[in-house]
Amino acid sequence: MSADDRTTAADDAASSPAADAPGAAGAPPAHGHHGGHAGDVLAASGDALRRLRRRVGLPPGFNLAGAVRHTVWRNVFHLVGGFRVVGSAPYEAMVVVANHSSHADTPALIAAFPAPYKPVVVAADDYWFDNPWKARALRLAIGAVPVRRQGGGGYESLLDGATQVLGSGSSLLVFPEGTRSTDGRLGRFRSGALRIAQEFDVPILPVAVVGTHELLAKKGRLTPGPVEVRVGHPVDPHGLTDMAPLVAQIEGMLAAGPPVPSRSRTWRVLRGVMSGPAGMVGAVAWGFAEAVSLPVTSEMYLVLVAASHPRRVVPAAACLAVGSVAGVLVTRALTARGERPPAPLTTPAMRARAAADLAVGARGIWRQALNGVPVKVYAAEAGAAGVPAVPLAAHALGARGARALAVGAVVGAAAGVAAPVLRRFYGPYLAAAGVTFGVGLAAVVRRWSR
């Protein structure tokens with residue numbers, strides 16, 4: 001959704017000496033001795049006016065609209081294939097130049113720079129701002145600033161846009177190629193961005209956008225895949241006579257290889273845990289804690305932790321069952337000695353139901369699997385009723401094992417199918433799973449409170 005060739009058409013004018021605007025090349029020097037002093041005064045006054053016009057503002061700091069755009073586009077890219085940023089930029093107003101091969105380039109750059117940087121692209125007013133609805137949509141999506149590209153004065157219009165952007169302390173985003181590449185290769189860089197950086201005395205930052213050509217090529221369809229933004233080193237524009245050093249940086253970053261699919265940090269940590277013995281130990285501990293006092297079902301371990309490694313979900317379910325049986329026996333023993341462990345979020349109706357089910361003996365624990373009563377309640381009532389430990393352990397292992405393995409099979413299959421999304425969105429997934437469990441738990445407690 002970048003402004004492609006229409007966003008920087010004014011750059012064509014910028015590369016032509018005939019399009020020079022006031023301050024672009026300076027006033028011609030006075031010749032001879034007559035009027036020399038007056039000429040110097042006029043030149044100094046002109047320089048002062050140009051410096052006033054080209055004044056660069058302080059970085060704008062946090063901006064809600066920019067933060068929303070940054071977050072939305074970042075998540076969109078994660079959703080369609082992954083997103084990663086390599087490198088960092090100084091916190092100051094800059095001219096950002098990037099390669100251009102897709103409508104996705106501008107959103108990718110907005111997603112790469114945090115809200116305080118607020119990069120702004122200039123867009124041709126005769127195309128993007130000729131319709132009020134289109135103009136509103138563009139401003140909402142990428143926060144573009146209009147520039148004139150027809151009727152002459154293209155560079156002057158670009159200067160006006162740059163004054164608006166850089167004058168507010170934001171960074172100006174320019175695609176010096178002037179149009180999207182059809183094959184993904186770097187085109188000729190025009191010099192307008194360099195002249196703007198020199199006139200405003202701001203650094204020029206080369207950036208390579210990788211993967212957007214494959215994601216959404218010119219005249220192509222959306223093909224999900226990873227995108228990577230590689231940030232180069234800022235350059236003092238006054239040390240440059242052409243764009244060659246900037247082109248060299250971008251070419252080097254493009255040559256570094258294809259984009260690397262992004263991975264959620266939470267997913268990486270939990271995947272590492274589940275890959276080793278710690279994941280199985282954690283399952284045993286979770287199952288034990290839930291059968292003693294923890295007000296979270298043992299199967300939530302599979303949903304929250306084991307789902308990061310689908311192949312390890314079923315083994316983790318077996319370990320949950322082992323830990324749960326151990327917890328049942330401990331709770332039974334403590335209650336039999338008059339030391340009933342705390343059981344938060346349980347009700348008298350739950351305890352009455354468990355006692356009634358266990359009236360037939362240890363096999364009554366099988367009824368716990370589907371009625372919503374926590375297993376710790378059954379374990380405590382078994383201790384209070386003097387149910388023998390060995391039969392209780394055997395039936396608990398069968399009942400808890402069957403439930404854990406059934407849930408594990410479902411979670412493992414679902415996690416395998418959803419793995420490409422979970423790798424990138426494990427944090428939001430955990431939040432959604434936690435909220436869902438909380439709502440379900442509240443419903444169960446209400447049901448058993450009547």
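Only a predicted model underlies this, so the values are computations on that prediction, with no experimental measurement involved.

Undergrad: Explanation requested: the confidence of the model for the chain in the structure shown.
TA: Close inspection of predicted coordinates is inappropriate for parts of the model with low pLDDT. When pLDDT is averaged along the chain, the result is 83, and 82% of the positions lie at 70 or above. Across residues 1–39 the pLDDT falls below 50, and counting only partners more than four positions away or on other chains, this stretch makes 94 contacts in the model. Note on residues 41–53: pLDDT is under 50 here. Beyond four places in sequence and across chains, it has 11 contacts.

Undergrad: Which parts of the structure should I look at to understand the pattern of salt bridges?
TA: Counted under the stated rule, the structure contains nine salt bridges. Through salt bridges with shared partners, one network takes in Arg-84, Glu-228 and Arg-230.

Undergrad: So what exactly am I meant to see when it comes to the environment of Pro-114 here?
TA: Tracing the sequence through the fold places Pro-114 in the loop between α5 (105–112) and β3 (119–124). Judged by relative accessible area, Pro-114 falls into the partly exposed class, the value being 36%. Separated by 52 residues in sequence, Pro-114 and Phe-62 have C-alpha atoms that sit 9.0 Å apart.

Undergrad: Whenever I open this one, the pairing of strand β5 (residues 171–174) confuses me. Can you help?
TA: Moving residue by residue along a regular strand, the side chains alternate between the two faces of the sheet. By the alternation rule, side chains of β5 split into Ser-171 and Leu-173 and Leu-172 and Val-174, which are all buried. When strand β2 (residues 95–98) meets β5, the two strands line up parallel, connected through three bridges. Bridging from a neighbouring strand, Val-97 pairs with Val-174 of β5.

Undergrad: Got a minute to help me understand unusual backbone geometry in this structure?
TA: Peptide bonds are trans in most cases, and residues, glycine excluded, mostly fall at negative phi. The backbone of Asp-201 shows a phi angle near 55°, a positive value even though the residue is not glycine. Not every positive phi belongs to a glycine, and Lys-219 is a case in point at roughly 65°. With respect to the secondary-structure elements, Lys-219 resides in the loop between α10 (212–215) and β7 (227–231). Classification of Lys-219 by relative accessible area gives exposed; the value is 85%.

Analysis parameters
Residues numbered from 1 in each chain as written. Predicted model: local features only at pLDDT ≥ 70, side-chain atom pairs only at ≥ 80, totals over all residues. Heavy atoms only, no water. pLDDT = per-residue confidence, 0-100. Contact = heavy atoms within 4.5 Å. Salt bridge = Lys/Arg side-chain N within 4 Å of Asp/Glu carboxyl O. Helix = DSSP H or I, 4+ residues; strand = E, 2+ residues; numbered from the N terminus. Buried < 20%, exposed > 50% of the residue type's maximum accessible area, 1.4 Å probe, protein only. Pairing = 2+ DSSP bridges.

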